[in-house]
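Now for the letters of each chain:
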Amino acid sequence: MKPSNLMNIYQNLSYSRNFVICAFYTPSYHTNALNLKESIEQFSLNYHIEEVKDRGYWEANTRIKPEFLQECLNRFPNQNILYIDTDACVKDELTFFDTITEDICIYDTQRAVGMSHQYLASTIFLKNTPNTHELVSLWIQNQQGGVTLVDQDSLDKAMLQMKGEISIKPLP
C-alpha cells in the first residue's frame, strides 16, 4: 500500500513527437485516467498523466488546470503540450498537432447559442513559447478570489488580455 501523500504519475516520453499529451485527475477520476492512458498508448504517443489532490469541489478542481499546464510547460521545455481532459480518449494518430505553428490551438465557440464561454479548454495545444507562458501566467492570475469561477472564466479573460499578442489556431 502506498503512503497517502504519494500521487500516481503515468508517463511515457519515448516517442519522437513534438508534443506531450498532459492530463491531470483527482482520485475519483482514476479509472478515467487509466482509460485515457490506454487510448494514448494505442497510438504510441508521449504522455504525462498525473494525479492531483482534490480541492473539495468541482469549480476548484477545474482551476488546477492552468497551474498544471504551467508545470508541464516548465517540465517539458523542449516539447509542446497537448492538454486533454482525463474523461476523454484518443481515437486517432493526432498528426494534426504536429503541424501547428501558432502559439495555441483551441476550440473557439464564437459564443454560439448555448455556449457559456468563448473558448473551451477541454483540449488545448500549447506551443512552448514565451507568449504561451505569458497566457498561462495570466490565466492563473485571473483565478484569484473567485470561489465559483471555473478555469474557462479566467481563460477567456487571459485570452482578451493577450489579444493581438498570441497567435491562435482554431481547433476543428
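These lines cover the structure that appears in this document, whether it is placed above or below.

Parameters at a glance
- Residues numbered from 1 in each chain as written.
- Predicted model: local features only at pLDDT ≥ 70, side-chain atom pairs only at ≥ 80, totals over all residues.
- Heavy atoms only, no water.
- Helix = DSSP H or I, 4+ residues; strand = E, 2+ residues; numbered from the N terminus.
- Rg over C-alpha atoms; globule rule 2.2 N^0.38 Å.
- Buried < 20%, exposed > 50% of the residue type's maximum accessible area, 1.4 Å probe, protein only.
- Contact = heavy atoms within 4.5 Å.
- Areas by Shrake-Rupley, 256 points an atom, 1.4 Å probe, with all protein chains shown as cover.
- Lys, Arg positive; Asp, Glu negative; His and termini not counted.
- Charge placed at Lys NZ, Arg CZ, Asp CG, Glu CD.
- Core = buried A, V, L, I, M, F, W, Y, C linked by side-chain atoms within 4.5 Å.
- Salt bridge = Lys/Arg side-chain N within 4 Å of Asp/Glu carboxyl O.
- Expected span 1.5 Å × (residues − 1).
- Phe/Tyr/Trp six-rings, centres within 6.5 Å; stacked < 30°, edge-to-face > 60°.

Things to note about the overall build of the chain
Inference 1: Scanning the chain for helices and strands turns up five helices and seven strands.
Inference 2: Each helix and strand of the chain, placed in order from N terminus to C terminus, yields the pattern β-β-α-β-α-α-β-β-β-α-α-β.
Inference 3: At 16 Å, the chain has a C-alpha radius of gyration in line with the 16 Å of a compact globule built from 172 residues.
Inference 4: Taking all 172 residues of the chain together, 47% fall into the buried category.
Inference 5: Put simply, 75% of the contacts in the chain that link residues at least 6 apart link residues at least 24 apart.
Inference 6: Total accessible area on the chain is roughly 9000 Å²; 50% of this is exposed by carbon and sulfur atoms.
Inference 7: The averaged location of the 21 negative side-chain charges in the chain is 2 Å from the averaged location of its 14 positive side-chain charges.

Let's talk about the nonpolar core
Inference 1: I81, L126 and W139 are the most contacted members of the largest nonpolar core, which totals 28 residues.
Inference 2: For this core, the secondary structure elements donating two or more residues are β2 (19-25), α3 (64-75), β4 (80-84), β5 (104-108), β6 (119-126), α4 (130-141) and α5 (151-161).
Inference 3: Excluding its chain neighbours within four sequence positions, the residues that come into contact with I81 are V20, C22, L69, C72, L73, F76, I124, F125 and L126.
Inference 4: Grouped together as the second largest cluster of nonpolar side chains are 21 residues, A33, L45, L94 and F97 included.

Regarding the pattern of salt bridges
Inference 1: Applying the stated rule across the entire model yields six salt bridges.
Inference 2: R17 serves as the salt-bridge partner of D98, at 2.8 Å between the closest nitrogen and oxygen. Taken together, the residues D98 in the loop between β4 and β5 and R17 in the loop between β1 (9-12) and β2 connect sequence positions 81 residues apart.
Inference 3: Judged by relative accessible area, which is 31%, D98 ranks as partly exposed.
Inference 4: R17 gets classed as buried once you look at its relative accessible area, which sits at 16%.

So, α4
Inference 1: Its 12 residues place the ends of α4 16 Å apart at the C-alpha level, agreeing with the 16 Å of an ideal helix rising 1.5 Å per residue.
Inference 2: Where α4 is concerned, the buried positions are T132, L135, V136, L138, W139 and I140.
Inference 3: In the core, the buried residues of α4 are packed alongside α3, β5, β6 and α5.

Concerning the packing of aromatic side chains
Inference 1: Overall, the coordinates contain six aromatic pairs when judged by the stated rule.
Inference 2: Taken together, a centroid distance of 6.5 Å and an interplanar angle of 75° make the contact between F19 and F125 edge-to-face. One end of the pair, F19, is in strand β2; the other, F125, is in strand β6, with 106 residues separating them in the sequence.
Inference 3: A relative accessible area of 0% places F125 in the buried class.
Inference 4: On the basis of an interplanar angle of 80° and a centroid distance of 5.2 Å, the ring pair of F96 and F97 is categorised as edge-to-face.

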